Amino acid sequence: MYLTREEEAILNGKLGEATASALKVIVKVGEALGAERLVEIPHAHASGLSYMTIGDAGLTFLKSFLEKGAKVRTFSTVNPIGMDLELWKILGISKEFAEKQSEIVNAIIEMGFEPTFTCTPYLIRKPAMGEHLAWGESSAVAMANTYYGGRTNREGGPLALMSALTGRTYMAGLHLDENRIPTHEIVIDGSIELSDPAYAGALGYVVGEKLRGGIPLIRNVRMGFDSIKSYTAAAAASGDVALTYIEGVTPDYEWAIRQASSIERVHVEKREVAELVKTKLDEDVDAIFIGCPHADVDEVLSIYAMLSKCKKLRIPVWISTSRNAYMKLKDIGVIEKLEAIGAFVIRDTCPVVSPFVEARFKSIAVTSGKGFFYLPKMQKSRTIIIPFNRIGEIACEKKK
Amino acid sequence: MREKEIRVRIIVEGNAEGEILVYPKPISFLGEVDPKKGVFLSGGKELSLKGKVFIFPNLRGSTVGSYVIYALRYYGNAPSAIIVSRADPILIAGAVLADIPLAEGISEDEISDIGKFSKAVLEGNAGLLKLLP
């Protein structure tokens, strides 16, 4: 691999031991994947920082890097952790878990990460078209590539961290034009209500299952921001789909169409998507979870609009969001209003990576295809998808 | 029995030798390896990894795997080398950070045949894996 003089010097310890070993990892991975050079990145996003998923192994790793003087060298954000940093006691998180989680948080803040704790880093800093990034959260990776036309591979936790510490990633995979050519066209037979994020998430789940990997292209669909966010997250969870070309959405869609000389058609029937979404409950659920990926301010406002017709919710509604969005919602009084009717807003974490879920909820309704994929695996909860636009009716007490 | 030589592609440099620990299927370091105890959990058994030449086809599952490989070194339980059919970024990142020699390119047939051998020597410079009875 070609390295600049600066990069050679970093490998030789110019910026200290931590930066040298971080760059060594990136070079090795890049070489194994056939990269010819490295590229500087304006934004790294590290995942895998919940104590529930990385445990003592991860904590040990982070601490030893910190001891070697690790400091971020580009704008760097972090994924959700295993608890709400303010409300962990109320969530029933154990003191031991909270202490270990706090150690992880302190280590990454000391390294210079922005304490964002969200899986929606694109709402913190918007990727520019063609920009090279190193992001570790699969749903965020898929949004960066699909919605913003940015370029990032799915790096996984440690590699995104190494990129944060060096400000660089390797030029391979989705950083290169030749690996961004669509492979499959998704043909939807029948009309699906994709303006509802839950249906868009169900579509993503089906596309991920059918394709496993590959780069799909979808023509002629109407999906808003929330639906695209839900679709991309689900397709990245059930499959390894890190980029979808959506007509009218993806900035380099026209370029992609010109490149695709042969493209395999994959049919998705309306029935396959519709049967994943339950428009009413056969039996009750312990909670409704919204915010996978994290709900943004507008989403929470539309949730509130649907729930506010209710005096007291029959089924508790849990909304996970970023602390950034949480503060804005608090300023306009929406958090208190939601709490008054029996909805909870949590920040910094999400149901997939927090231990409070398994202990409390055996059955969950979600509006997310990603949640539908992970919750039964991570939390052993029975999980169903309900339409986003019906959460008001489903959660509300029956009017007599 | 005679010894056998297999040509491999070195990813993390180093020479190593040790007893062979082989597993014929993809493994996930998260959940299947306990770094503190230094064991690979296989079908209810705990198989020690420390100092072994650990051979398996490829990684599966969580990206947290890199952290676990690193922790094996941290707790003094690292294998002396890891040999796989295909290396992926999670495994490479872990092996580089833990400074565990890593090579790829052993075929799955060769893996299923390895039971006959008990010791392995990795010659990093030559890109050779020697299997000894």
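You'll find the structure just up there.
Residues numbered from 1 in each chain as written. Chains lettered and ligands numbered in written order. Predicted model: local features only at pLDDT ≥ 70, side-chain atom pairs only at ≥ 80, totals over all residues. Heavy atoms only, no water.

Chemist: Which residues make up the pattern of salt bridges, and what values do they have?
Modeler: Residues and elements named next belong to chain A. Considering all chains together, one arrives at 33 salt bridges over all chains under this definition. We note a salt bridge from Glu 6 to Lys 14, for which the minimum N-O separation is 2.8 Å. What makes Glu 6 partly exposed here is its relative accessible area of 33%. The residue Lys 100 makes a salt bridge to Asp 56 at a minimum N-O spacing of 3.1 Å. Residue Lys 100 is found in helix α4 (residues 95-111), and its partner Asp 56 is found in helix α3 (residues 51-67); the two are separated by 44 residues along the sequence. With a relative accessible area of 21%, Lys 100 lands in the partly exposed category. Where salt bridges share partners, they join Asp 84, Glu 86, Arg 323, Arg 347 and Asp 348 into one cluster. (Salt bridge = Lys/Arg side-chain N within 4 Å of Asp/Glu carboxyl O. Buried < 20%, exposed > 50% of the residue type's maximum accessible area, 1.4 Å probe, protein only. Helix = DSSP H or I, 4+ residues; strand = E, 2+ residues; numbered from the N terminus.)

Chemist: Can you lay out the interface of chain B and chain A for me, pointing to particular residues and giving the numbers?
Modeler: Facing the 20 residues of chain B at the interface are 24 residues of chain A. Summing both sides of the interface, chain B and chain A together bury roughly 1900 Å²; the carbon and sulfur share of this comes to 73%. On the chain B side of the contact with chain A, Tyr 67, Tyr 70 and Leu 97 of chain B bury the most area, a combined 35% of that side's loss. Put simply, Asp 56 of chain A and Lys 36 of chain B hold a salt bridge, and the shortest N to O gap is 3.8 Å. Taken together, the links from chain B to chain A amount to 3 residue pairs in polar contact (both at pLDDT 80 or more). Listed by contribution, the elements that provide at least two residues to the side of chain B that touches chain A are β2 (9-12), α2 (65-74) and α3 (89-98) of chain B. No other element matches α2 of chain B, which puts 6 residues into the side of chain B that touches chain A. Its residues placed into classes, the side of chain B that touches chain A shows 15 nonpolar, 2 polar and 3 charged. (Contact = heavy atoms within 4.5 Å. Buried area = accessible area lost by both parts, 1.4 Å probe. Polar contact = N/O pair within 3.5 Å; in protein donor to acceptor, adjacent residues only side chain to side chain. Nonpolar A, V, L, I, M, F, W, Y, C, P; charged D, E, K, R; others polar.)

That's the geometry; what it means functionally is another story.
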